[in-house]
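# An overview of the molecular structure
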Amino acid sequence: MTAIKHALQRDIFTPNDERLLSIVNVCKAGKKKKNCFLCATVTTERPVQVKVVKVKKSDKGDFYKRQIAWALRDLAVVDAKDAIKENPEFDLHFEKIYKWVASSTAEKNAFISCIWKLNQRYLRKKIDFVHVSSQLLEELPKVTEESVPSGENQSVTGGDEEAVDEYQELNAREEQDIEIMMEGCEYAISNAEAFAERLSRELQVLDGANIQSIMASEKQVNILMKLLDEALKEVDQIELKLSSYEEMLQSVKEQMDQISESNHLIHLSNTNNVKLLSEIEFLVNHMDLAKGHIKALQEGDLASSRGIEACTNAADALLQCMNVALRPGHDMLLAVKQQQQRFSDLREHFARRLASHLNNVFVQQGHDQSSTLAQHSVELTLPNHHPFHRDLLRYAKLMEWLKSTDYGKYEGLTKNYMDYLSRLYEREIKDFFEVAKIKMTGTTKESKKFGLHGSSGKLTGSTSSLNKLSVQSSGNRRSQSSSLLDMGNMSASDLDVADRTKFDKIFEQVLSELEPLCLAEQDFISKFFKLQQHQSMPGTMTEAEDLDGGMSSRQHNAGTPLPVSSEKDMIRQMMIKIFRCIEPELNNLIALGDKIDSFNSLYMLVKMSHHVWTAQNVDPASFLSTTLGNVLVTVKRNFDKCISNQIRQMEEVKISKKSKVGILPFVAEFEEFAGLAESIFKNAERRGDLDKAYTKLIRGVFVNVEKVANESQKTPRDVVMMENFHHIFATLSRLKISCLEAEKKEAKQKYTDHLQSYVIYSLGQPLEKLNHFFEGVEARVAQGIREEEVSYQLAFNKQELRKVIKEYPGKEVKKGLDNLYKKVDKHLCEEENLLQVVWHSMQDEFIRQYKHFEGLIARCYPGSGVTMEFTIQDILDYCSSIAQSH
């Protein structure tokens, strides 16, 4: 154990300036036996620190390592388990209880004894020694300053007794004396026994001399003893003083402990004060509203720009104070509650003031705008609301504040704005549309004709009266169409291009005025009421949805901001409520334009399509886009009805039995319609609608031309078909309508076929007998008779041929051609100017027949010498002469 103690002192404690006083070999109770050492140590430097250190042998080698250390002042109880019987177990109570089993009871007692001494010497702390033999503790001497010297040659434990038995090294003086002694006895090396006897004799001599010296100095011994007694007395006095000093120091220690505890409380108080100051500063900085802001909220001028700015800043400051994130516990403070109540009262008061002021502004706007309506009553313009919007936008930030703090008042203002502005816009828009209707119809007489009366141009009658006008307009067009049969050069409509251009400009002006008005109002609503309008929408609501119901369904919680989709929907619903009269007024205007001239639907379809396309590019779900889209449906229906009416008029056309047919009225109307449509729909967005209409119309034209041709009595069917299809072909060739290329080819083919049919039919009359004769020849050949044998047929011999040819001399042929020219001239109409074309075709056909007859004569009557009475040159001269004479 001594060797282990020296090794631990050298390797572990000396490097840490510690001195090992006691050691005990232990293992933990109740567990696998793993031995370790508990060491009691003190530091060599002051103040002295006393520790209990657990040392364990390393698993990787034979060296020891320091595992854990406890300060002795943390030791509360030493439990020896049994004060009577020998028991190696003991417990040490630090922050928790450590149970140990010593290798022997003696080592345990020695270690506990050392702990008791160290407690008495250094700590003077009440450590409970439980189950420790009182006899063992009584045998232990009281530890004092004298009994435990400061030098390292003494110990507070029984370890010094063990050190006596240990080997001690010779110092230099002892080594020198031994060397001198051995030099004086040179033989000691060779004869150790003689040397030992000599040393023994000298020792005896020295002992005797010492005894004699002591006996001779008895007096001095007595004096020495007396001095020792006095010294002991002085030591006792010093001990008494030290005890008194120690008691004084103990009281000082207690006072210092109290001072230390007082300093801790002061420090804690200062810390709490700093934290309290921080909390107070936080509340003051974040929940204190400046007097100027309070005055602005209570009395600020909401009419001036400076007052509005001051109120806006004050409202923002109030909102910040009300929305401050309070720390835990703040809401329980009475001052905080009072301040919050004061803020709520300020907010409520200012919200009432702001709502009342804005309501007054809305009402005043209605009165101001009404005074400006008179100057717009004669002009096709809408009043400008920009100044009103500009003035109201100064309150936009305050509206945003109101929306986030008092949604109920915000919603009330929204409804009031819609109510006032809807009435204002209704007056403006209705007056605007009345001016447009008057300008469309022109004079007062024309106004009465289309259902308007008075200077204001108010529409009279109901939908039924408009329907009567529609029937009347259709009847007028039909009567105009039928009159064309008697009036050759008259136009298909009594309204010229200038009237339609005027209508187009007025309609465009109406749309151009409405579009910026709606866009400006929608932009203002978005900015003023702080509603987002440029986000994607899941779908649009129909106009039939009730505005109040839609808004109340979203008002599920006052003060809760609406989602983006609901805000977009709210903008649209506000626009529907404000401009609820636009769509009906547009529909009325469209109905009037359609009654004036059904072809106006073409202009309206193009213009409305363009404006819808423009609005959808800006915002496909906006009020303007939706409204114009609804109106476009009406315009498209009118356009389809216009096409259907034209087809019905074609079917109802009746031709005169006394006059020639010529170009049918619906063919001329198709030409007029196509020309007008091509000029209107040039670069238009809805070209597909026109192409579909073209297809329907041209089919109707084709069918009804053939129907009229079949019913014609005065004019041959082929002439009716030829002239009208020639006119259709010319129209389609001139307009170059790509979707009607197939119909253009069909018209040309029909024209060509009926021209040929008419020519062949007409030429059968001038040489009627000759035609019949050669038709019989061809019939015999067709029956199988050879051509050269036809002359042997009784009815077709050479004599019969000569007899027929003699009946058509040149003079007779010319006369027959002249009669034919006159008859063709009566059949053909002047508008199409086809007489020369037909006459030239007849000339070519006559020459072809002449050559055909000569070919038959050469083949069927070879060598007969029979020829025609006239030549091809004669035919050319006859035809030219007849054409020039007429």
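The structure displayed is predicted, hence computed values, not measured ones.

### Some remarks on the overall build of the chain
For the chain, the helix and strand inventory stands at 31 helices and ten strands. Looking at the 886 residues of the chain, the share that counts as buried comes to 41%. When the accessible surface of the chain is summed, it comes to about 49,600 Å², and 52% of that surface belongs to carbon and sulfur atoms.

### What to know about the sheet that holds strand β3 (residues 50-57)
Spatially, β4-β3-β2-β1-β7-β6-β5-β8 is the arrangement adopted by the eight strands of the open sheet, whose pairing is mixed. Lying at the two open borders of the sheet, with one neighbouring strand each, are β4 (64-71) and β8 (128-130). Here the strands of the sheet are splayed against their neighbours by 30° on average, with no regard to which way each runs. Along the sheet, helix α1 (residues 2-13) makes contact with β1 (18-28), β2 (36-43), β3 and β4, crossing β1 at roughly 115°. Packed onto the sheet, helix α2 (residues 105-123) meets β1, β2, β3, β5 (77-79), β6 (89-93), β7 (97-102) and β8 and runs at close to 140° relative to β1.

### As for the state of the cysteines
Taken as a whole, this structure holds zero disulfides when the rule is applied. No disulfide involves Cys27; its nearest neighbouring cysteine sulfur is the one of Cys36, lying 7.7 Å away. Note on Cys518: no disulfide assigned, nearest cysteine sulfur contributed by Cys581 at a separation of 9.4 Å.

### Side note on the side chain of Thr715
One can find Thr715 in the loop between α24 (687-711) and α25 (717-735). A distance of 3.0 Å separates a polar atom in the side chain of Thr715 from the backbone nitrogen of Val661. Excluding anything up to four places from it in sequence, Thr715 contacts Lys660, Val661, Val720 and His827.

### A word on the pattern of salt bridges
Under the criterion given, the structure shown has 36 salt bridges. Here Asp406 and Lys409 are joined by a salt bridge, their closest N and O atoms 3.2 Å apart. Accessibility expressed as a relative area gives 16% for Asp406, which makes it buried. A salt bridge links Asp640 to Lys636, with the shortest nitrogen-to-oxygen separation between them at 2.8 Å. Here the residue Asp640 and the residue Lys636 both occupy positions in helix α22 (residues 623-651), the gap between them amounting to four residues, near one helical turn. Owing to a relative accessible area of 31%, Asp640 belongs among the partly exposed residues under this scheme. What emerges from the salt-bridge pattern is a single network uniting Glu348, Arg352, Asp406 and Lys409.

### Notes on the packing of α22 against helix α23 (residues 665-680)
α23 packs onto α22 with a crossing angle of 155° between their chain directions and a minimal axis gap of 10 Å. What the angle tells us is that α22 and α23 run roughly antiparallel. Seen from above, α22 lies across α23 with left-handed handedness. Where α22 approaches α23, its residues Phe639, Ile643, Gln646, Gln649 and Met650 are matched on the opposing element by Phe666, Glu669 and Phe673. When the residues that make up the contact of α22 with α23 are grouped by side-chain class, the tally is five nonpolar, two polar and one charged.

### Let's talk about the nonpolar core
Core analysis: the largest hydrophobic core is formed by 174 residues, its most contacted members being Tyr417, Ile525, Phe673 and Val838. For this core, the element with the most residues is helix α14 (residues 407-441), which contributes 14 residues. Discounting residues that sit within four places of it in the chain, Val838 has contacts with Met722, Leu755, Tyr758, Val759, Val824 and Leu828. By size, the runner-up hydrophobic cluster in this structure holds 29 residues, among which are Trp70, Phe94, Trp100 and Ile115.

### A look at unusual backbone geometry
A cis amide bond links Arg46 to the next residue, Pro47, at an omega of 0°. Although it is not a glycine, His131 adopts a positive phi angle of roughly 60°. One can find His131 in the loop between β8 and α3 (134-139). Residues other than glycine seldom take positive phi values, yet Lys530 does so here, at roughly 55°. Under the relative-accessibility criterion, Lys530 is labelled partly exposed at 31%.

### Some points on the packing of α25 against helix α26 (residues 741-763)
Between α25 and α26, whose axes approach to 8 Å, the crossing angle comes to 150°. Viewed along their axes, α25 and α26 adopt a mutual orientation that is roughly antiparallel. In terms of crossing hand, the pair formed by α25 and α26 is left-handed. On α26, the residues that touch Arg717, Asp718, Val719, Met721, Met722, Phe725, His726, Ile728, Phe729, Leu732 and Ser733 of α25 are Glu743, Lys744, Ala747, Lys748, Lys750, Tyr751, His754, Leu755, Ser757 and Tyr758. Residues that form the contact of α25 with α26 fall into these classes: eleven nonpolar, four polar and six charged.

### Remarks on the packing of aromatic side chains
Tallied over the full model, the rule gives 30 aromatic pairs. With a centroid separation of 5.4 Å and 40° between ring planes, the pair formed by Tyr407 and Tyr410 is classed as tilted. In this pair, Tyr407 and Tyr410 are both assigned in helix α14, three residues apart and thus about one turn of the helix distant. There is no split in this pair, since Tyr407 and Tyr410 are both buried. Put simply, the rings of Phe362, Phe388, Tyr407, Tyr410, Tyr417, Phe524, Phe528 and Phe529 pair up and form one aromatic cluster. Stacked on the ring of Tyr122, the Lys or Arg Arg121 has its end atom at 5.0 Å from the ring centre. Sitting over the ring of Phe282, Arg327 keeps its end group 4.1 Å from the ring centre.

### A few points about α26
With 23 residues, α26 ought to run about 33 Å at 1.5 Å a step, and its terminal C-alpha atoms sit 33 Å apart, in line with that. Considering only its buried residues, α26 is in contact with α24, α25, α27 (768-782), α29 (810-827) and α30 (835-860).

### With respect to the environment of Gly292
Looking at the element boundaries, Gly292 is found in helix α8 (residues 291-299). In the structure, Gly292 is positioned 19 residues away from Cys311 in sequence and 9.8 Å away in space, judged by C-alpha atoms.

### Quick look at the pairing of β7
Sheet analysis places β1 next to β7, joined by three bridges and oriented antiparallel. Note on β7: the bridge partner recorded for Val26 is Ala102. Bridge analysis of β6 against β7 gives five bridges, and the strand direction is antiparallel. Considered in β7, the bridge of Glu89 is made with Val101. Following β6, the chain reverses through three residues before pairing antiparallel with β7.

### Considerations on the environment of Leu398
Residue placement: Leu398 occurs in helix α13 (residues 396-405). Through-space distance from the C-alpha of Leu398 to that of Thr312 is 5.9 Å; in sequence the pair is 86 residues apart. With near-sequence residues (within four places) excluded, Leu398 lies in contact with Leu302, Ile308, Cys311, Thr312, Ala315, Phe350 and Leu354.

### Regarding the confidence of the model for the chain
Per-residue confidence for the chain averages 79 on the pLDDT scale, and 83% of its residues sit at or above 70. Note on residues 140-167: pLDDT is under 50 here. Beyond four places in sequence and across chains, it has 30 contacts. Below a pLDDT of 50 lies the segment residues 535-562, which in the model reaches 41 contacts outside its immediate sequence neighbourhood of four places, other chains included.

### Some remarks on the environment of Tyr122
In this structure, Tyr122 sits in helix α2. Along the sequence, Tyr122 and Val42 sit 80 residues apart, while their C-alpha atoms lie 9.7 Å from each other. Among all residues touching Tyr122, those that are not within four sequence positions of it are Val42, Val48 and Val50.

About the thresholds
The residue count restarts for each chain, going from 1 along the sequence in the order it is written. Local features are withheld for residues below a pLDDT of 70 in this predicted model, meaning they are given only at 70 or higher, and side-chain atom pairs are given and counted only at 80 or more; totals for whole chains, interfaces and linings count all residues. Heavy atoms throughout the structure, all of them, feed into the side-chain values; hydrogens and water do not. Only runs of H or I of at least four residues qualify as helices and only runs of E of at least two qualify as strands under DSSP, and these elements are numbered from the N terminus. Here's how the labels work: a residue is buried when its accessible area is under 20% of the maximum for its type, exposed when over 50%, partly exposed in between, all with a 1.4 Å probe on protein chains only. Here the open area of atoms and residues is found with the Shrake-Rupley method and a 1.4 Å probe, where only the protein chains shown may cover a residue. When DSSP locates at least two bridges between a pair of strands, those strands are taken to pair. To obtain an axis, a line is fitted to C-alpha atoms, over the contacting stretch when the element is a helix, and the angle between two such axes runs from 0 to 180 degrees between their N-to-C directions. We call two residues in contact whenever any of their non-hydrogen atoms come within 4.5 Å of each other. By disulfide we mean two sulfur atoms from cysteines, separated by a distance within 2.5 Å. N or O atoms within 3.5 Å of each other form a polar contact, as long as, within protein, one can give a hydrogen and the other can take it, and as long as residues adjacent in sequence are counted only when both atoms are side-chain atoms. Criterion for a salt bridge: a side-chain nitrogen of Lys or Arg within 4 Å of a carboxyl oxygen of Asp or Glu. For classification, angles of less than 35 degrees are called roughly parallel, those exceeding 145 degrees roughly antiparallel, those between 65 and 115 degrees roughly perpendicular, and all remaining angles oblique. Take the far helix as the reference: if the near one is turned anticlockwise from it by less than a right angle, the crossing is left-handed, and if turned clockwise, right-handed. Just so you know the grouping, Ala, Val, Leu, Ile, Met, Phe, Trp, Tyr, Cys and Pro go in nonpolar, Asp, Glu, Lys and Arg go in charged, and all remaining residues, Gly too, go in polar. Within this scheme, the nonpolar core is defined by two criteria: the residues are buried Ala, Val, Leu, Ile, Met, Phe, Trp, Tyr or Cys, and they are joined through side-chain atoms within 4.5 Å. In summary, the pairing rule links any two rings of Phe, Tyr or Trp, Trp by its six-membered ring, whose centres are within 6.5 Å, and it sorts them by plane angle into stacked for under 30 degrees, edge-to-face for over 60 and tilted for everything else. Over a ring means this: the NZ of a Lys or the CZ of an Arg is within 6 Å of the ring centre and within 35 degrees of the ring normal. Multiplying one less than the number of residues by 1.5 Å gives the expected span of a helix. Each residue carries a pLDDT value, the predictor's own confidence for that position, ranging from 0 to 100.

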